[in-house]
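This is what each chain is made of:
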Amino acid sequence: MSASSAFSEEKGGGGSSSVEPEFGHDPASGGIFSSDYKRHDDLKEMLDSNKDSLKLEAMKRIVAMIARGKNTSDLFPAVVKNVACKNIEVKKLVYVYLVRYAEEQQDLALLSISTFQRGLKDPNQLIRASALRVLSSIRVTIIVPIMMLAIKEAASDMSPYVRKTAAHAIPKLYSLDPEQKDQLIEVIEKLLADKTTLVAGSVVMAFEEVCPERIDLIHKNYRKLCNLLIDVEEWGQVVIINMLTRYARTQFLNPNINESLLEEGGAEKTFYGSDDEDEEEDDEEEDKEKKEEAAALAKRKPYVMDPDHRLLLRNTKPLLQSRNAAVVMAVAQLYFHLAPKAEVGVIAKALVRLLRSHSEVQYVVLQNVATMTIKRRGMFEPYLKSFYIRSTDPTQIKVLKLEVLTNLANETNISTILREFQTYIKSMDKDFVAATIQAIGRCATNIGEVRDTCLNGLVQLLSNRDELVVAESVVVIKKLLQMQPEKHSDIIKHMAKLTDNIQVPMARASILWLIGEYCEHVPKIAPDVLRKMAKSFTNEEDIVKLQIINLAAKLYLTNSKQTKLLTQYVLNLAKYDQNYDIRDRARFIRQLIVPTDKCGALSKYAKKLFLALKPAPVLESPFKDRDHFQLGSLSHLLNTKAGGYQELPDWPQDAPDPSVRNVEVKESVPEWTKCSSREKRKEKKVEKPFYSDSEGESGPTESADSESDSASSSASASASASASEQSASGSESDESGERSDSEEEDEEEEKKRKTKKKESIKAVQQSESEQSSDEEVRKVNRKVSKPPPRMASESESEEDEDSPSDSSQSESEDSESEAEVKKKRKITPPKAPAKPAKKEDKKEKKEMSLLDLDDFEPTPSPQVTPVGAFLSNSLVTDLEGLSLTDTVLSPATISPSSALKSYELLHRITGEGLWVEYCFSRQPFIHDPHMVAVQIQFTNSAAVEAKSLRLEEAKLQSGMRVKEFPEIEVLPAGESATVVMGIDFCDSTQAANLQLCTHTRKFFVSIQPPVGELMIPSFMTENEFKKEQGQLMGMNEITEKVKLVERCQNEHAIVQRVTAAANLSRVPCGSDKECRFAGRTVTSGSLVLVTVATKEDGPCQLTVNCEKMVIGTMLVKDILLALTQ
Amino acid sequence: MIHSLFLINPSGDVFLEKHWRRVVGRSVCDYFFEARERAGGPEDVPPVLQTPHHYLISIYRGGLFFLSVIQAEAPPLFVIEFLHRVAEMFQDYFGECSETVIKDNVVTVYELLEEMLDNGFPLATESNILKEMIRPPTILRTMVNTLTGTSNVGEKLPTGQLSTIPWRRSGVKYTNNEAYFDVIEEIDAIVDKSGTTVCAEIQGVIEACVKLSGMPDLTLSFMNPRLLDDVSFHPCVRFKRWESERVLSFIPPDGNFTLMTYHVSAQNLVAIPVYVKQSISFFESGSGGRLDLTVGPKQTMGKTVEGFVITIHMPKAVLSTNLTATQGSYTYDPTTKVLVWDIGRLNPQKLPNLRGSLSLQAGAPKPEDNPSLNIALKIQQLAISGLKVNRLDMYGEKYKPFKGVKYLTKAGKFQVRT
């Protein structure tokens, strides 16, 4: 087909399909070779035309060429022009082309970027998504910043599909420029918090590719992932399950730890290491438990499964019924690696089912089953027959099935298995027969009862017509005979005869070795065999020659009279052999066995050297110990570590703090609880005003979880009852958090109830005050520390997860506690002013606190404040507890706070009687978590009323956003009013310039935040803190020496001053020499970590770790100032 | 995850390649070709190969190799399952999955692959969604497109993609609302020389063809669900209800799909519907042998056995056959050494018989072993396990659908050893 005719023909024909087949059939498309240039000219012409149909046709032809691997890169300029084409199919094909060739033609590819940037703003989510897809697939380094920006933006897109695409783009960018890792991790972290099933799989995939080591990112999302799992698409399920397997291995205790002691079989015992180790582990486990009890963390029986561990097992189990083999395999490996022994059995059935699938699936599944059967034989025994081999199976499948059958063989089923093996031996597939013979050998070694039977069977095979079969049998018999040679001299004799016929070198060598080794059992035959061998020595294979030398040496030692000459002869032949191994061997043996004058002491021991009793070989499965690779992985299949494989960690000796997974309204500081619970028992009252006080939350909540299933309705009933009390009394409340767990159980339970109660109250309040939108029955929870990304347009609904127990609990209490909510709300306003007035509060407390409570006491105040604001969160849950929807918070109670530092916004003189002050209330701004809440107080000191007070944006720095307060219509003379507005300062201390309008005039005002107000407290454990700090070293760390002023020497004062200077929360810490604080910047969520280390004498040291160096520097200054004044 | 895909035809030509990440040169396929050389048949090629820089995971489907290239750790089953899904998608779109068809529709294929994977990670694999994004080619549509200039590519994101039921299209409308369910059971069995059953189990599958408007919510219940030993479901089935009530409750995808597969274990005695009396023997002299086969119905529950075919892979030494069949016809292919006896419908009155002599290659030794017989058969209107659908209810829509259930029993991997 000449090029031009093709063109005209297509023009005439017009239809794409009419030409396409022809195109496809055309072998190697003669046209391409004959007139490459011309042909492409045609295409260029078509691409330049203004008819979409022609363009489409051209693009189709080009794509067809790409598909066949033809080079079409010279068309790049012509194609890239069409990137903005209206026709969506043309566009798609152009994208295909672009992605394929952009890397080769980077400069030209840049021409298309602006189109994608425009596409990223398109109202159609499909277009946004595909623009991002292509943009991120173009491997051009120059556009890395653009990609980064696009990904960040898309990660907070309102369409989950676009967010999913953003998740996909992360590994693309990472592979293009690994330097972006840190930023990408931020995006991943953000997306991990996403609650849609659509995103979950993709972001975990990105997590696995970019930062699989950052297991800490999973904590907060663990329960959500578990709960969403069943609704995630299949592919995502696989990735999530595999990741969670690793996660669980680092976070939970080995569920089989106790069983290993009771176990009888050695093989099973060693499942997770050697016996000794296990016992050690156990001891340590016990020790640890003692400690735990001492620490009153929980009253544990020898082993209690972490409820989160249970959650994972429970939520993955239904997926065994998936139609997708990969999902089933993923669940199977999860159970194999994580489940208590008694529960692993459930996976067998599902795996056996997969054997019905395509042969490739069978291949992989059988490999894994083979590994499993070594450790958990009992599991597959009932399915023995499912592994029977059909003659139509491919050889590799047959061999694997054989492996499984061999592993499953035991005393009871060996006879059936051997009968099966008998039929296999007759197969036409010789490789398979050889494998069967080996399998028989292994059965014989493992099961003593059938050894003789097997041996006899194998001996019969020696007369088989197929040489391969015979050879294989010989090799196996050799191994078997080594176990009890004296009984079987007749077999050895029989085999000696075979040397005449058998030609396979390995078999010959085996026979010779046998005769040499057991020559005293066959004293008459052995020399004769040597004679024959000496004759044919020169024609033998190397391994046979070596064995002949061996045989000669052994005979010489036992029967030198008859064989001396023969041996000499053989050694002489060997001396001149071509192979140096053989020459060496001959020389070596001659020195050893033939006594000469010079020979050393060794020859005395020659007999011992050669005729020592050799241990029988152990016939082992090649699948032994393969389970140190995560099952189902590529590495397991290949039995070598594949690139990017993440090791499956060993179980920890001590379970890490489980509270890190708590996602709750009020964040907790668990370790603090632990260390302090004892003392605090006495101090209950002190803590009471802070009914939502975070401390002790996590511990009890955790244990509440563990019993959630049984905790049941009674608990909820009483809980709600007491809830009313609690809220009524306002300051009276919880004995809960402070109790040590070493108290009796009922007390503990009570505590749990209370904890839950607290949660539920908050939940209800949220829903109450909110009542907005979402009927989608989904659970809600909110994090204070990390408010989830929120898209203004996205119906403001958010889902989050919580442990199902929490959810069901709170739901059941929903109705009952509604009444309380109302009460509570009434109560809240009077209470609110007290809260921000923390200084007074603290003082009071301080006076009351008796023991070392002041350690922790100041910290609650900054923590409490956000909690108060979040009281209005709603927690609508359903019993299924699968997913959740958040509602937007309604304005929380606003309290004028005298304690907070106020700044003047408008002086009363400039304002003509209007006096405006503002302060930072430190409450999260409810409409947008990225904004700082600014509380503004208007006081009208003029004689006339002020009307329509409002703020207008004037000149904001780029990126800054403002959420104005609702207009104040009238402010009578002498009155004052308070409003709250939100400002997103973009993590900078630049002032927000605004216009304050009254009905008569406008004032230019500006609000400048102190750096300490640009952050919100973040709650973390000591470990987390250390870890995070470890990652913010170098440039991100600023250290200063401070000479503390007199009044500021004690820890309490330090904490107070630091928290006053910056909106941070205290991080619990074991040593009293250090105070730690953590927070996140409001806009970007960057961590801010502050450490104040005091020393006995000399200055104390202030360390600030923050990714944003400017903030860090400024914060250091501010804190320094606070500490030194 | 998946870097590249190569489609390879039986003669070893790469006729389609697609890269999702960096372009991987074709030469990587050479490792695969080597492995193929070594392997006996296409089925024996190891599905997973390790090369110095890549890992190759391949499937063999419809005479074609789907070879994917991956660079780092990935669950092999994930890739294999995905490749099969690709093959099924081709089947779904073009009616078959063959080289010609793929070449004919190369652009659609490419668009499909582009949608199915993003950066090597599956994006949209539900046929209902893909069909909204890329419409399958039909003659009518091609003509319309030619005239109107519209394209085969959807401009909107399919709503299913965002919903919790991604398998169903929105806005489905039919004038005739119908739902058909085929209960198909396959008997996997090994019968030994003497006629005793070595192992037998039943694998069942319920294939559905649902053409219902709107968003129907269906419930399918069985008379005897306890029979089912192990099940796997289409994602649409609500597992919790199955667990608690043993009913299948689901919002179906539109069109054809596999609702569930199940397994009836060997513990329940499986009725073997036919028996085979056979004697195959080779003379000691090594010049020939005799073959005598008689088949008859055994436990057929009063139904007729149809489509009865016996396939025998003869030993290599068998040169030719000289047989007579009382019913049906037989063929022997001397190159592949496969004897096929197509009996057709089984008549209980007159048992079909095939007998005659086999001639062996001169000088070849007597074959060691006897070949086993592979049996194919069909029994209409019978589920051999006794499973029965009780009723099908529909909620959520007002119209009355037309419902139908069909039963069929087939021989799966049914082998008689001799």
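Use the structure listed above.
Residues numbered from 1 in each chain as written. Chains lettered and ligands numbered in written order. Predicted model: local features only at pLDDT ≥ 70, side-chain atom pairs only at ≥ 80, totals over all residues. Heavy atoms only, no water.

**Observations concerning the overall build of chain A**
Condition: Runs of H or I in DSSP of at least four residues are treated as helices and runs of E of at least two as strands, each being numbered from the N terminus. Note on exposure labels: buried denotes an accessible area under 20% of the residue type's maximum, exposed denotes more than 50%, and partly exposed covers the range between, all computed with a 1.4 Å probe on protein chains only. Contact definition: two residues touch when any of their heavy atoms are within 4.5 Å. To be clear on the numbers: accessible area is Shrake-Rupley with a 1.4 Å probe, and residue cover counts the displayed protein chains and nothing else.
Summing up its helical and strand segments, chain A has 48 helices and 15 strands in all. Expressed as a percentage of its 1125 residues, the buried residues of chain A come to 62%. In chain A, of all internal contacts separated by at least 6 residues, the share reaching a separation of at least 24 is 70%. Summed over all atoms, the accessible surface of chain A reaches about 43,500 Å², with 52% contributed by carbon and sulfur.

**Considerations on the overall build of chain B**
Each helix and strand counted, chain B has eight helices and 23 strands in total. Within chain B, the fraction of its 418 residues that count as buried is 58%. Residue pairs at least 24 apart in sequence account for 68% of intrachain contacts in chain B once pairs closer than 6 positions are excluded. Total accessible area on chain B stands at roughly 17,200 Å², and carbon and sulfur atoms take up 51% of it.

**Some remarks on the packing of aromatic side chains**
The condition is simple: Any two of the Phe, Tyr and Trp rings considered here, Trp counted by its six-membered ring, make a pair once their centres fall within 6.5 Å; the pair's planes then place it as stacked at under 30 degrees, edge-to-face at over 60, or tilted in between. Placement of a charge over a ring requires the Lys NZ or Arg CZ to be within 6 Å of the ring centre, with the centre-to-atom vector within 35 degrees of the ring normal.
With the rule as written, the count across this model stands at 27 aromatic pairs over all chains. Judged by centre distance (6.2 Å) and plane angle (70°), the rings of A:F380 and A:F387 are edge-to-face. No difference in accessibility class separates A:F380 from A:F387, as the two residues are buried. Chaining the aromatic ring pairs together yields one cluster made of A:W235, B:F78, B:F82 and B:F121. We note A:K478 situated over the ring of A:W513; from NZ or CZ to the ring centre the distance is 5.0 Å. One residue, B:K388, lies across the ring of B:Y407, its end atom 5.9 Å from the ring centre.

**A look at the sheet that holds strand β2 (residues 14-19) of chain B**
Residues and elements named next belong to chain B. For clarity, the threshold we go by: Strands are labelled as partners when DSSP assigns at least two bridges between them. Helix axes use the C-alpha atoms of the stretch in contact, all axes being lines fitted to C-alpha atoms, and the angles between their N-to-C directions lie in the range 0 to 180 degrees.
Here we have five strands laid out as an open sheet, ordered β2-β1-β5-β4-β3, and antiparallel in their pairing. The outermost strands of the open sheet, each flanked by one partner alone, are β2 and β3 (48-50). Going across the sheet, the axis of each strand differs from the next one's by a mean of 20°, ignoring polarity. As paired elements, strand β4 (residues 55-61) and strand β5 (residues 64-70) share seven bridges and run antiparallel to each other. Residue L56 lies in a different strand from β5, and its bridge partner there is V69. This element, helix α2 (residues 76-94), spans β1 (2-8), β3, β4 and β5 of the sheet and lies at about 40° to β4.

**Considerations on the sheet that holds strand β20 (residues 353-360) of chain B**
Residues and elements named next belong to chain B. Pairing within the open sheet is antiparallel, and its four strands lie in the order β14-β15-β20-β17. One side of each edge strand has no neighbouring strand; the edge strands of this open sheet are β14 (274-282) and β17 (318-325). The average angle at which neighbouring strand axes cross in this sheet is 15°, direction not considered. Where β17 lies against β20, seven bridges are found, and the strand directions are antiparallel.

**Some thoughts on the interface of chain A and chain B**
Here is the rule: Two parts placed together each lose some accessible area under a 1.4 Å probe, and the buried area is that loss summed for both. Salt bridges, as used here, are contacts in which a Lys or Arg side-chain nitrogen is within 4 Å of a carboxyl oxygen on Asp or Glu. Amino acid classes used here: Ala, Val, Leu, Ile, Met, Phe, Trp, Tyr, Cys and Pro are nonpolar; Asp, Glu, Lys and Arg are charged; the rest, including Gly, are polar.
Taken together, the 98 residues of chain A in the interface contact 100 residues of chain B. Both sides of the chain A and chain B interface together cover about 8,600 Å² of buried area, and 56% of this is carbon and sulfur. For the interface between chain A and chain B, the tally reads 13 salt bridges. Across the side of chain A that touches chain B, the residue classes break down as 38 nonpolar, 35 polar and 25 charged.

**What to know about the environment of A:L418**
Residue and element names in this part refer to chain A. By secondary structure assignment, the location of L418 is in helix α27 (residues 414-425). Expressed as a C-alpha distance, the spacing of L418 and T453, which sit 35 residues apart in the sequence, is 9.5 Å. Leave out the neighbours within four places in its chain, and L418 touches V450 and C454.

**Description of the pattern of salt bridges**
Tallying each qualifying case throughout the model produces 52 salt bridges over all chains. A:K1027 is the partner of A:D216 in a salt bridge, and the nearest nitrogen-oxygen pair spans 2.8 Å. Within this pair, whereas A:D216 is found in helix α15 (residues 216-228), its partner A:K1027 is found in helix α46 (residues 1022-1031), the two being separated by 811 residues in sequence. Relative accessible area serves as the criterion here: at 15%, A:D216 is assigned to the buried category. Taking relative accessible area as the criterion, A:K1027 reaches 34% and is therefore assigned partly exposed. When salt bridges that share partners are traced, they join A:K92, A:R133, A:K172, B:K18, B:E114, B:E115 and B:D118 into one network.

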